[in-house]
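These are the residues of each chain, in order.
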Amino acid sequence: MKSGVVALVGRPNVGKSTFLNAVLQEEISIVTPKAQTTRDQVRGICTESRGQIVFVDTPGIHRAREGGINAYMIQEVERALDEPDLVLYLVDPFSKPEAEERVLEQLRQVRSRLILVVNKADLRVKRPDAFEWLQGWVQKVRESLISSRLEFIGHHEISAEKGSGVAELVTEVFGLLPEGAPLYDDSDSLTDRSLRFVVSELIRKQLFMNLGDELPYSCAVEIESYREKSKPVHIAALIHVERESQKGMVIGAGGKKIKEIGSKARAEVEALVGERVFLELRVKVSEDWTSRARKMEGLGYVLERNRK
Ligand code: GDP
Ligand code: MG
C-alpha cells in the first residue's frame, strides 16, 4: 500500500481547492472566484485500494502586508511545505513568469519532489494564446530546480473543473509515494477537519459569493452551537466583521442579504450532511479582528509564534 502527504501549492486562484474537491468528489475546500478564499491548511484524504494520499490544500502563495491574518495564511503554507512526500505546484494560463518567481523562491527551500500542474486546460479552446508562455516556462522551471533540493518529476495539464487529466495525475502520484500504512485509519473520512469546520467554511463561501469586493476578507465564521440530534439539525453561527458599518452590509436592507446568504449556505450544508438543517446566522462586530492576534486566536487562526 502506498501512503504519503502531497502539498498543493501555487498562487491564489489557480484552482488548488477545485483540484482537491475534484479528487475527493466532495466540496471539502471552498472555491470561489475571488483570490485568497482559503485561509487554513485543509487536508483532503483520498483512500483507495492502491493506498492513501493525504492532500494538503493551502492558501495561495502571495506577497502580502505583514502580520495579522496574512501572516497566518503564510504560516499555513509553510506548515504544508514541511517535508511533504510530493509537491503539486499548480499554475494557470493567466499567471506570468514574474508572478511565479515568488512561489519558486519558496519551493527551492523544500526537500521533496515536484510535479508541475498546468490547470484550466479547458480554456485552451477559447484562448490558445494564453498558454503559449507556459511551454518555455515549464522547461525553465525544470532547469532552475536542478541545483535545488526539490526534484522535478514532470508536468501534467489538467482541468480541475472539468475533471480532465485528474485521474491520470492521481495515478502518477500513487506511483511516486512510498510504501506505508495509511496516516488516517478511518477510510470513510475525507478530511482531517471537523464537520463544524466544513460547515463554517460553507457559510464563509457564501459570504465571498454574495458580498462586495473587500468585505468577505473582513469576515470570519464561528459555529456557536451544532445540535445534530434535533430535527431538523440546528446550527447557530456567528459572522464576525471588523466594523459596525460592515455589519449593516452583511445584514442588508430589511435583512435581505443575510437571508440570501443563509438560505444558500443551508442548501449546501444540507447536501453535505444529508439531512434537513435549520441554520441561524447572526452578525457581530469583533473590532479589527484580522490584525489582532488575540481575536484571531478566538476565531481559530492561531499564529505558531504565539502558541504556548
Ligand atoms: P485556489 O485559490 O487555488 O484554491 O483556486 P480555487 O480552487 O478557489 O479556484 C479559483 C477559480 O478558478 C474558481 O473560480 C474556479 O472555478 C476556477 N477554476 C478552477 N479550476 C478550473 C479549471 O480547470 N478550469 C477553469 N476554467 N476554471 C477553473
Ligand atoms: Mg483555495
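Since the model is a prediction, treat every value here as computed from it, not as a measurement.

Participant: Please clarify how the site of ligand 1 should be interpreted in this entry.
Facilitator: Among the 17 residues in the neighbourhood of ligand 1, the closest are listed as Asn13, Lys16, Thr18, Asp122 and Glu161. Residue Gly15 places a main-chain N or O atom 2.9 Å away from an oxygen atom belonging to ligand 1. One of the side-chain N or O atoms of Lys120 is found 3.1 Å from an oxygen atom in ligand 1. Each residue belonging to the shell around ligand 1 can be placed in one class, and the counts come to six nonpolar, seven polar and four charged.

Participant: Would you mind showing me how to read helix α6 (residues 195–210) here?
Facilitator: Every α-helix carries 3.6 residues per turn, so stepping three or four residues along brings you back to the same face. Under the 1.5 Å per step criterion, the end-to-end length of α6 is 23 Å for 16 residues, consistent within 8% with the ideal 22 Å. Among the 16 residues that make up α6, 13 are buried, leaving the element largely enclosed by the rest of the structure.

Participant: Can you walk me through the coordination of the magnesium ion (ligand 2) in this structure?
Facilitator: Geometrically, a metal with four donors at the corners of a regular tetrahedron has ideal angles of 109.5 degrees, and one with six donors at the corners of a regular octahedron has ideal angles of 90 or 180 degrees. Distances from the magnesium ion (ligand 2) to its protein donors, Ser17 (OG) and Thr38 (OG1), fall within 2.1 to 2.2 Å. Linking Ser17 in helix α1 (residues 16–24) with Thr38 in the loop between α1 and β2 (42–48), this pair joins segments that are 21 residues apart in sequence. A residue is classified by how much of its surface remains accessible, and Thr38, at 9% relative accessible area, is buried.

Participant: Just to check I follow, could you spell out the domain arrangement of the protein chain for this structure?
Facilitator: It is common to give the size of an interface as the accessible area lost on bringing the parts into contact. Along its sequence, the protein chain is carved into domain 1 (2–176) and domain 2 (195–298). Surface buried jointly by domain 1 and domain 2 totals about 1500 Å² across both partners, of which 58% is contributed by carbon and sulfur atoms. Sorting the residues of domain 1 by area buried against domain 2 places Ile30, Lys34 and Arg39 first, and these three jointly supply 39% of that buried surface. Along the contact surface separating domain 1 from domain 2 lie one salt bridge. The partner of Lys205 in a salt bridge is Glu27, and the shortest N-O contact between them spans 3.1 Å. Inspection of the domain 1/domain 2 interface yields eight residue pairs in polar contact (both at pLDDT 80 or more). Residue contributions to the side of domain 1 that touches domain 2 peak at three residues, all from helix α2 (residues 68–80). By residue class, the composition of the side of domain 1 that touches domain 2 is seven nonpolar, five polar and five charged.

Participant: Even after reading the chapter, I still don't get the sheet that holds strand β5 (residues 112–118), so can you show me in this structure?
Facilitator: Remark on secondary structure: sheet strands pair via backbone hydrogen bonds, oriented parallel or antiparallel. Spatial strand order, β2-β3-β1-β4-β5-β6: six strands in an open sheet with mixed pairing. Each edge of the sheet is formed by a strand with only one pairing partner; in this case those strands are β2 and β6 (150–157). When strand polarity is set aside, the average angle formed by the axes of neighbouring strands in this sheet is 25°. Its contacts with the sheet place helix α3 (residues 97–107) against β1 (2–10), β4 (86–91), β5 and β6, and it is angled at close to 175° to β4.

Reading the values: the criteria
Residues numbered from 1 in each chain as written. Chains lettered and ligands numbered in written order. Predicted model: local features only at pLDDT ≥ 70, side-chain atom pairs only at ≥ 80, totals over all residues. Heavy atoms only, no water. Near = heavy atom within 4 Å. Polar contact = N/O pair within 3.5 Å; in protein donor to acceptor, adjacent residues only side chain to side chain. Nonpolar A, V, L, I, M, F, W, Y, C, P; charged D, E, K, R; others polar. Helix = DSSP H or I, 4+ residues; strand = E, 2+ residues; numbered from the N terminus. Expected span 1.5 Å × (residues − 1). Buried < 20%, exposed > 50% of the residue type's maximum accessible area, 1.4 Å probe, protein only. Donors = N, O, S within 2.8 Å, 3.2 Å for Na, K, Ca; no water. Domains from an automatic or database assignment. Buried area = accessible area lost by both parts, 1.4 Å probe. Salt bridge = Lys/Arg side-chain N within 4 Å of Asp/Glu carboxyl O. Pairing = 2+ DSSP bridges. Axes fitted to C-alpha atoms, helices over the stretch in contact; angles between N-to-C directions. Contact = heavy atoms within 4.5 Å.

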